[in-house]
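Commentary on secondary and tertiary structure
Chain by chain, the residues run as shown.
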Amino acid sequence: MLVSWNTTNQCNMFCDHCYREAGAKADEELTTEQGKQLIDEIIKAGFKIMIFSGGEPFMREDIFELVDHAVKGGLRVVFGTNGTLITRDIARRLKGLGVMGVGISLDSMDKEKHDNLRKYKNAWDEAVRGMENCKAAGLPFQIHTTVMEWNDHEIEDITDFAVEIGAVAHHIFFLVPTGRAKNIEEESLRAEQYENLLERILRKQQEVDIELKPTCAPQFMRIARQMGMNLRFGRGCLAGTSYCIIGPRGDVQPCAYLPLHIGNVKEVPFSELWKNSPVFQELRTMNYKGGCGKCAYKKICGGCRARAYYYHDEDYMAEEPWCLYHGRKGV
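Residues numbered from 1 in each chain as written. Predicted model: local features only at pLDDT ≥ 70, side-chain atom pairs only at ≥ 80, totals over all residues. Heavy atoms only, no water.

Here the focus is the overall build of the chain. The helix and strand tally for the chain stands at 12 helices and 10 strands. Taking 20 Å as the expected radius of gyration for a compact globule of 331 residues, we find that the chain reaches 19 Å, a close match to that expectation. By its C-alpha atoms, the chain is 55 × 45 × 35 Å across when sized along the principal axes. In the chain, buried positions account for 61% of the 331 residues. When contacts within the chain are restricted to residue pairs at least 6 apart in sequence, those whose partners lie at least 24 apart make up 69%. (Helix = DSSP H or I, 4+ residues; strand = E, 2+ residues; numbered from the N terminus. Rg over C-alpha atoms; globule rule 2.2 N^0.38 Å. Buried < 20%, exposed > 50% of the residue type's maximum accessible area, 1.4 Å probe, protein only. Contact = heavy atoms within 4.5 Å.)

Right, dumping it as structure tokens:
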């Protein structure tokens, strides 16, 4: 089980696709003490992996104190970051604290396109410098890429770059129209494009030693099975079943892209929200509608619940809209 905490809404970028609509620091973000209480509750709820993200997590002044508390509590700590603030000193400090890895965003091999998406000059160069600093410190890092129509053709090239620079993985995030990404919905891939790219990624996985993982495209589990591949992942969509996210103010939702308010950790302990939320309980039934409900692969796929929510009038149990398979029988 893994959980993500958006530690702050503050960010040095203003990315077109940001689900959190990050930029300025939010009012009433969790304090250091509230953050530590949250970490204790996460441990109590049985989570093993904790992702510190943002906004940009390294803009939070107490981030190392919070990481230290999480590691000492027995959590495997990783980061999601744009990478621009990772100096050699910060990389060494993270390594010393026991951080297990860092995910750094890189969305194109074209520096100008990457910088334009993130509205930040030299974003590409600084992200790569952050990767190099992690490598120098012996801190494992991976590349995160958000795929859209304009960079679909680049994915294998970015994987090759990940191998070249020493990344341990390349995770490919399929755009979900949430937050500012609603403004670029037309750039998201559709069913045939999804299927094609997922097949390409899985073929590429057979050629490289690093891990490739599609995210927010749970059909990859079905396609891998059809291709005779045995992946280490147990399931595609984890929202509300073995994953959730906490926002900067303490609001809990099933995943970053599914904007359902479960509760706030300032008012109800996280472990109780995780156990008792009616939304989480419904997601765990897997009683999906449409093609997802009758699909032979629903236990290993689950369809993207966030995409179902967006394209089916906020019905998060509806069928995944961008799937070519939709409920065919037989595994």
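This part is about the pattern of salt bridges. Pairs can form between side chains of opposite charge whenever their charged atoms are close. For the structure on display, the rule yields 15 salt bridges. Taking the shortest distance from any N to any O, the salt bridge between E211 and R232 comes out at 2.6 Å. Of this pair, E211 sits in strand β7 (residues 211-215) while R232 sits in the loop between α8 (219-226) and β8 (243-246), placing them 21 residues apart in sequence. Overall, the relative accessible area of 65% leaves R232 in the exposed class. By sharing partners, the salt bridges in this structure join D152, E156 and R200 into a single network. (Salt bridge = Lys/Arg side-chain N within 4 Å of Asp/Glu carboxyl O.)

Attention now goes to the packing of aromatic side chains. One pair of aromatic rings is described through two measures. These are the centre distance and the angle between the planes. Within the structure shown, the criterion is met by 13 aromatic pairs. Both rings, one in F220 and one in F233, keep their centres 5.9 Å apart while their planes meet at 80°; by these two values the pair is edge-to-face. In this pair, F220 sits in helix α8 while F233 sits in the loop between α8 and β8, placing the two residues 13 residues apart along the sequence. Assessed through its relative accessible area of 1%, F220 is described here as buried. F233 gets classed as buried once you look at its relative accessible area, which sits at 13%. Relative to Y325, the ring of Y297 lies with its centre 5.3 Å away and its plane at 75°, an arrangement referred to as edge-to-face. (Phe/Tyr/Trp six-rings, centres within 6.5 Å; stacked < 30°, edge-to-face > 60°.)

The next subject is the sheet that holds strand β5 (residues 141-147). The 10 strands lie next to each other as β7-β6-β5-β4-β3-β2-β1-β8-β9-β10, forming an open sheet whose pairing is mixed. Each edge of the open sheet carries a strand with a single partner, namely β7 and β10 (263-264). Bridging between β8 and strand β9 (residues 251-253) involves 2 bridges; their strand directions are antiparallel. Considered in β9, the bridge of I245 is made with Q253. Against the sheet, helix α7 (residues 191-205) contacts β5, β6 (169-174) and β7, and its axis sits at roughly 165° relative to β7. (Pairing = 2+ DSSP bridges. Axes fitted to C-alpha atoms, helices over the stretch in contact; angles between N-to-C directions.)

Our next topic: the pairing of strand β1 (residues 2-6). Of all 5 residues that make up β1, 4 are buried, and the element is covered over most of its length. The pairing of β1 with strand β2 (residues 49-53) spans 5 bridges and is classified as parallel. Looking at β2, one finds that S4 is bridged to I51. Where the polypeptide runs from β1 across helix α1 (residues 32-44) and back to β2, its parallel neighbour, the crossover connection is right-handed. Across 4 bridges, β1 lies against β8 in parallel orientation. (Right-handed = clockwise from strand over helix to strand, strands pointing away.)

With that settled, consider the pairing of strand β4 (residues 101-105). Most of β4 is tucked away: 5 of the 5 residues are buried. Burial along β4 is two-sided: the residues G101, G103 and S105 and V102 and I104 are all buried. Across 4 bridges, strand β3 (residues 76-81) lies against β4 in parallel orientation. Within the sheet, the bridge partner assigned to G80 lies in β4 and is G103. Where the polypeptide runs from β3 across helix α3 (residues 88-97) and back to β4, its parallel neighbour, the crossover connection is right-handed.

This part is about the nonpolar core. If you look at the biggest cluster of nonpolar residues, it comprises 100 residues, and the most contacted ones within it are F52, F79, F174 and F270. Those residues in contact with F174 that lie beyond four places of it in its chain are V147, L189, Y194, L197, L198, I201, P214, T215, C216, A217 and R307. (Core = buried A, V, L, I, M, F, W, Y, C linked by side-chain atoms within 4.5 Å.)

Here V102 is to be found in strand β4. With 224 residues separating them in the primary sequence, V102 and H326 have C-alpha atoms 35 Å apart. Not counting chain neighbours up to four residues away, the residues in contact with V102 comprise F79, T81, I86, L94, C134, L139, P140, F141 and Q142.

In this model, α1 (13 residues) spans 18 Å end to end at C-alpha, consistent with the 18 Å of a helix rising 1.5 Å per residue. For α1, the set of buried residues is G35, K36, L38, I39, E41 and I42. Buried-residue contacts for α1 involve β1, β2, α2 (63-72), β8 and α9 (270-276). Following α1 by one or two positions, G46 adopts a phi angle in the positive range, close to 100°. (Expected span 1.5 Å × (residues − 1).)

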